[in-house]
Number of protein chains: 2
Amino acid sequence: MKRYERLADDIAGLIRNGILAPGEKIPSVRHASQTYGVSPSTVFQAYYLLEDRGLIQARARSGYFVRALAGLPLPEPQPSPAAHETTDVDVSELVFSVLGSLKNPHTVPFGSAFPSPDLYPLARLARSMAHSLRTLAPHDIIADMTAGNPDLMRQIALRYMVGGVRLPMEELVITNGALEALNLSLQSVTQAGDLVAIESPAFYACLQVLERLQLKAVEIPVHPRDGVDLNVLRDRLRSLPIKACWFMSSFQNPVGSSLSELRKLELYGLLREHQVPLIEDDVYAELYFGERPPRPIKSLDDDGLVMHCGSFSKSLAPGYRVGWVAGGRFAERIARLKLMTTISPSVPAQTAIADYLQHGSYDRHLRKLRYTLERQQDAMLASAARHFPQGTRVTRPSGGYFLWFEFPEQVDSLQLFKLALAQGISLAPGPIFSASQGFRHCARLNHGHPWSTDSEQAMELLGRMLRSF
Amino acid sequence: MKRYERLADDIAGLIRNGILAPGEKIPSVRHASQTYGVSPSTVFQAYYLLEDRGLIQARARSGYFVRALAGLPLPEPQPSPAAHETTDVDVSELVFSVLGSLKNPHTVPFGSAFPSPDLYPLARLARSMAHSLRTLAPHDIIADMTAGNPDLMRQIALRYMVGGVRLPMEELVITNGALEALNLSLQSVTQAGDLVAIESPAFYACLQVLERLQLKAVEIPVHPRDGVDLNVLRDRLRSLPIKACWFMSSFQNPVGSSLSELRKLELYGLLREHQVPLIEDDVYAELYFGERPPRPIKSLDDDGLVMHCGSFSKSLAPGYRVGWVAGGRFAERIARLKLMTTISPSVPAQTAIADYLQHGSYDRHLRKLRYTLERQQDAMLASAARHFPQGTRVTRPSGGYFLWFEFPEQVDSLQLFKLALAQGISLAPGPIFSASQGFRHCARLNHGHPWSTDSEQAMELLGRMLRSF
């Protein structure tokens, strides 16, 4: 971290803690320069950064002031209500109409599923690609296609080991992104008509996959901070022939919740007791803001019940489409399903990532990425507090790049979605995250793009629309 | 083509036509050098090449002689018998045990599904990869993921146009190889329990996909030269509620047959009459040995009924996993299924191929590849005629890299498969190509690898095993 970034962080902390109150003038550049023992230009850079993040603003000839946060920060949303016991899923049309809206590159991408590609070391990856293709023996192209690139598999197994999970290489199946890993994992343990426990709200692709495979959803409410409701899950596991669970243990999409280690233990105990396999969607694992990475439920799995799905799409290489599953006792079945559907992810994409993991600086890149995403979360939270109406609630995930907003009851987020899109702003309305199309007054907003005056204006505009309901 | 290659071809022609008979001495180097007006070293190179191809052999101090072809070339197999009306498919276990045997790189790869990777311009493709990644804007990575890389789509549409098919860009869906295209196409028009007309024998992955999706096979016999039996198909379309056909119109895998243009017209007429969609698997389209490319059935499709599936895996870029489908009226449904299963093929793999198609020399590469595959077919046919027992029949496809052998009735190809594997030779036994596990005395052999003394010895060994039945 650069010196001015550290300084900006210190001052942001003072603002968040209320030591510097909204409307208050912050120290002059000269004063700050003396206090902190840094050059005036460092102070200027720090102040520009804070201005970018929406925390302070300049007033002509008066210096910098803390921006009004519209009173206190926004409160946390309510835990989601318990749904019907089982639900037929029919959400695809709605999801596609939302996804279709994201194609326009001039839209403010609050509805996007991806962070800004500018946050990734694409040029360095391209060098890894060139290097790895120079050294790839032609025969390996055929060999890697069936089993996966062995260097990549070793690197992934190594990262598991560092994270405290001992993983036999045979458990790893390299896939076309995490979505294929999730699809194949689910197919390996279910048949049409089966029941699958999922979160409510859930990642919309999970709903689409259930729909496509004609599986029935058993929706388990998600607490905005603590994750899936284990009491409801316990009941459902006792009363229904659930064939699999599909949960995100950390930085759940869309609400951002994470299960504590204790609750992970409890959840795993339930699964083991009922011998129900878990598909653990852990694609945001590397995007934690805390000191240490969250431990996956896979780390507790001594029975091969957990299919742990990961990906490089959000942490390193968007568009390369390389993910994996550590498939437990289902690994061979998953590998065979893959051979029948896509055979293999692109071999050059695999070798490029393997080369980067060996010779690049993945951990340094990740530290920078986490820092950026956390700062952008700050900016969006502060901006929402300024512009969104009273009664709005919002999550504060400790990782990832989504915020989940609960607006006042009368807000219709599908209506809001249309209004906003007409003004060049996308967002992900609540109903696309629910088999029963609930969460009508909720929305997921993406803060994975650099915060700018456009973002700030878009938030202000959204605030006005919200008030119009 | 080099001068010595042309000379070798001329002499090979004389051998094939019987002008130079088995056992006959061919002209001395000095004599040939004078006759053809080339240098002695060119003649030597040509003779070495003919020796490699198994057409001539050197005898110490006597010069070169035409090898014995064991009498006449082998005759063509019989058309396959008509099967039961519908068949439940359960072939996966068998297929996986065969595929598993191919992992050993020291095996003579007659059972492989791929040609030698040495036949592809991998270094040139790597340069295209580097070039395209240098010029790719980060935002395009996200954009290309959903729709497909636009340059690649334009290049593919252009090749269709040159081949006489006018294709709106909206029909194209870029996929993870042809296998995903075939899978998604089939899913877009069927539900569990539906009937699908397939060839008998058929590409084994087709059988696996039917099995996975719980579809029933209606097996249509394939004539070894003319392709699928249209009379049987007509009957079945009239008597059964067939939901889709999945056929290879050119160089069918495994038998290598191609439908004539007249028969393509007739087939398309049937489909149109019954409004049954066709999944046209055309992955060997570019590997024709004749003067002109075969026209796909897609070229006749004025009703959007044909989903034409292609790939670069066999023509340009093995392991890159880039294929496509021109999906007719089902294109949007296929695109959505893709978004739900793998989202997108690797973007770098797409841009690399797009760059190669624009700046590389695809057509020159293809000419060389076709020439090589045809010569290797010659070598395998000649070798089979020398070593395989009387009563063996074999196809003579006008493209691709497979020969389909029909051995004498008493041969059990699953047994042969095991015997051969123990000697380090792989092959693809008949029953993996059939839902009803017929074709027990048949096998598919791959000639996509450079012909060598190892290949020749392997054929000789197979011949001995065949005689042991």
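It should be emphasised that the depicted structure is a prediction, and the values quoted were computed from it without experimental measurement.

Moving on, we come to the overall build of chain A. Summing up its helical and strand segments, chain A has 16 helices and 16 strands in all. In terms of overall size, chain A behaves like a compact globule, its C-alpha atoms giving a radius of gyration of 23 Å where 469 residues would be expected to give roughly 23 Å. Across its three principal axes, chain A shows a C-alpha extent of roughly 70 × 55 × 40 Å. For chain A, the residues scored as buried account for 62% of the 469 residues in total. For chain A, long-range pairs separated by at least 24 residues make up 76% of all intrachain contacts whose partners lie at least 6 apart in sequence. Here chain A contributes 49 positively and 47 negatively charged side chains, and the mean placements of these two sets differ by 6 Å.

Below, the discussion takes up a positive patch on the surface. A cluster of basic side chains, namely Lys2, Arg364, Arg367 and Lys368 of chain A, defines a positive patch on the protein surface. Looking at the element boundaries, Arg364 of chain A is found in helix α14 (residues 362-387).

A word on the interface of chain B and chain A. Often, the extent of an interface is quoted as the loss of accessible area on bringing the components together. Each partner contributes to the interface: chain B provides 43 residues, whereas chain A provides 43 residues. Between chain B and chain A lies a buried interface of about 4,200 Å² when both sides are counted; carbon and sulfur atoms form 71% of it. Sorting the residues of chain B by area buried against chain A places Phe96, Arg212 and Met340 of chain B first, and these three jointly supply 16% of that buried surface. Summed over the shared surface of chain B and chain A, the result is 16 residue pairs in polar contact (both at pLDDT 80 or more). Sorting the residues of the side of chain B that touches chain A by element identifies α4 (92-100), α5 (122-135), α6 (138-147), α8 (177-189), α9 (204-212), α12 (331-341) and α13 (347-359) of chain B as the ones contributing at least two each. A per-class count over the side of chain B that touches chain A returns 24 nonpolar, 13 polar and 6 charged.

Residue and element names in this part refer to chain A. Within this structure, the stated rule accounts for 38 salt bridges over all chains. Where Asp151 meets Arg154, a salt bridge forms, and the shortest distance between an N and an O atom there is 2.4 Å. Remark: Arg154 and Asp151 occur in helix α7 (residues 150-162); sequence separation between them is 3 residues, near one turn of the helix. Here Asp151 falls in the partly exposed class, since its relative accessible area comes to 32%. We note a salt bridge from Lys298 to Glu171, for which the minimum N-O separation is 2.9 Å. A residue pair is termed long-range when its members are at least 10 positions apart, and Lys298 in the loop between β9 (278-281) and β10 (306-311) and Glu171 in the loop between α7 and β4 (172-175) qualify at 127 residues. The exposure class assigned to Glu171 is buried, which follows from its relative accessible area of 15%. Salt bridges sharing partners connect three or more residues here, namely Asp9, Glu374, Arg375 and Asp378.

The domains assigned to chain A are domain 1 (3-66), domain 2 (92-118 + 364-467) and domain 3 (120-361). Taking the mean C-alpha position of each, domain 1 of chain A and domain 3 of chain A sit 42 Å from one another.

Quick look at the packing of helix α4 (residues 92-100) of chain A against α12 of chain B now. One can describe the packing of α4 of chain A onto α12 of chain B by two numbers: an axis separation of 12 Å at closest approach and a directional angle of 90 degrees. Relative to α12 of chain B, the element α4 of chain A is oriented roughly perpendicular. Residue-level inspection shows Ser92, Glu93 and Phe96 of chain A of α4 of chain A in contact with α12 of chain B, the latter providing Arg336, Leu339 and Met340 of chain B. Tallied by class, the residues present in the contact of α4 of chain A with α12 of chain B amount to 3 nonpolar, 1 polar and 2 charged.

Residues and elements named next belong to chain B. Along its 13 residues, helix α7 (residues 150-162) runs 18 Å from first to last C-alpha, staying within 8% of the 18 Å computed at 1.5 Å per residue. Those residues of α7 hidden inside the fold are in contact with α6, β4 (172-175), β10 (306-311), β11 (323-326) and α13. Of the residues one or two after α7, Gly164 is the one with positive phi, at around 90 degrees.

The next subject is the relation of the copies chain B and chain A. Relative to chain A, chain B is turned by 180 degrees and slid 0.1 Å along the rotation axis, the superposed coordinates differing by an RMSD of 0.2 Å. Seen this way, the second copy is the image of the first under a two-fold rotation axis. The residues that chain B uses at the interface reappear at the interface of chain A in 100% of cases, marking a shared surface.

Another aspect to go through is the sheet that holds strand β6 (residues 216-223) of chain A. All names here are of chain A. Pairing is mixed across the open sheet formed by 8 strands, whose spatial order is β4-β11-β10-β9-β8-β5-β6-β7. The strands lining the two open edges of the sheet, one partner per strand, are β4 and β7 (227-228). For strand β5 (residues 195-200) and strand β8 (residues 242-247), the ladder comprises 4 bridges, and the chain directions are parallel. Residue pairing for β8: Ile198 is matched across the bridge by Trp246. Taken strand by strand, helix α9 (residues 204-212) contacts β5, β6 and β8, and its axis lies near 160 degrees from that of β5.

Turning to the sheet that holds strand β9 (residues 278-281) of chain B, a few remarks are in order. All names here are of chain B. Across the sheet, 8 strands lie side by side as β4-β11-β10-β9-β8-β5-β6-β7; this open sheet has mixed pairing. Each end of this open sheet is capped by a strand with a single partner; those strands are β4 and β7 (227-228). Each of β4, β10 and β11 is contacted by α12, which is oriented at about 25 degrees to β4, the strand it contacts most.

Further remarks concern the packing of aromatic side chains. All names here are of chain A. For the coordinates displayed, the defined rule picks out 33 aromatic pairs over all chains. A centroid spacing of 5.5 Å and a plane angle of 85 degrees characterise the contact between Tyr284 and Tyr401, whose relative ring orientation is edge-to-face. Of this pair, Tyr284 sits in the loop between β9 and β10 while Tyr401 sits in the loop between β12 (393-394) and β13 (402-406); the two residues are 117 residues apart in sequence, bridging distant segments of the chain. Residue Tyr284 shares its accessibility class with Tyr401, and that shared class is buried.

Put simply, side chains in a regular strand alternate between the two faces of the sheet. All names here are of chain B. In terms of strand pairing, strand β1 (residues 56-59) meets strand β2 (residues 63-66) through 4 bridges, oriented antiparallel. From the neighbouring strand, Arg59 faces β2, where its bridge partner is Gly63. Turn length for the β1-β2 hairpin, with the two strands adjacent in sequence and antiparallel, is 3 residues, and the turn residue Arg61 shows positive phi of about 55 degrees.

To continue, consider the environment of Arg272 of chain A. Residue and element names in this part refer to chain A. When you line up the elements, Arg272 lands in helix α11 (residues 261-274). Taking C-alpha positions, Arg272 is 9.0 Å from Asp301, a pair spaced 29 residues apart along the chain. Setting aside anything within four residues of it in sequence, one finds Arg272 in contact with Asp302, Asp303 and Leu305.

What follows deals with the side chain of Gln376 of chain A. Residue and element names in this part refer to chain A. When you line up the elements, Gln376 lands in helix α14. A polar atom in the side chain of Gln376 sits 2.7 Å from the backbone oxygen of His447. Gln376 has contacts with His447, Gly448, His449, Pro450 and Trp451, leaving out every residue within four places of it along the chain.

Only a minority of non-glycine residues have a phi that is not negative, and only a minority of peptide bonds are not trans. In this model, Ser200 of chain A is joined to Pro201 of chain A through a cis peptide bond whose omega is 0 degrees. Phi angles above zero are rare outside glycine, and Phe439 of chain A is one such case at about 55 degrees. Inspection of the secondary structure puts Phe439 of chain A in the loop between β15 (428-429) and β16 (442-446). Positive phi values are uncommon outside glycine, yet Gln214 of chain B reaches one of about 55 degrees.

A few words now on the side chain of Gln377 of chain B. Residue and element names in this part refer to chain B. Among the secondary structure elements, Gln377 is positioned in helix α14 (residues 362-387). Residue classification places Gln377 among the buried residues on the basis of a relative accessible area of 6%. Here Pro397 takes part through its backbone oxygen, which lies 2.9 Å from a polar atom of the side chain of Gln377. Leaving out residues up to four positions away in the same chain, Gln377 has contacts with Phe289, Arg396, Pro397, Leu403 and His447.

Definitions and limits used
Residues numbered from 1 in each chain as written. Chains lettered and ligands numbered in written order. Predicted model: local features only at pLDDT ≥ 70, side-chain atom pairs only at ≥ 80, totals over all residues. Heavy atoms only, no water. Helix = DSSP H or I, 4+ residues; strand = E, 2+ residues; numbered from the N terminus. Rg over C-alpha atoms; globule rule 2.2 N^0.38 Å. Buried < 20%, exposed > 50% of the residue type's maximum accessible area, 1.4 Å probe, protein only. Contact = heavy atoms within 4.5 Å. Lys, Arg positive; Asp, Glu negative; His and termini not counted. Charge placed at Lys NZ, Arg CZ, Asp CG, Glu CD. Patch = residues over 30% accessible without salt bridge, like charges linked within 9 Å, V, L, I, M, F, W, Y side chains within 5 Å. Areas by Shrake-Rupley, 256 points an atom, 1.4 Å probe, with all protein chains shown as cover. Salt bridge = Lys/Arg side-chain N within 4 Å of Asp/Glu carboxyl O. Buried area = accessible area lost by both parts, 1.4 Å probe. Polar contact = N/O pair within 3.5 Å; in protein donor to acceptor, adjacent residues only side chain to side chain. Nonpolar A, V, L, I, M, F, W, Y, C, P; charged D, E, K, R; others polar. Domains from an automatic or database assignment. Axes fitted to C-alpha atoms, helices over the stretch in contact; angles between N-to-C directions. Parallel < 35°, antiparallel > 145°, perpendicular 65-115°, else oblique. Expected span 1.5 Å × (residues − 1). Least-squares fit on C-alpha atoms with pLDDT ≥ 70 in both. Pairing = 2+ DSSP bridges. Phe/Tyr/Trp six-rings, centres within 6.5 Å; stacked < 30°, edge-to-face > 60°.

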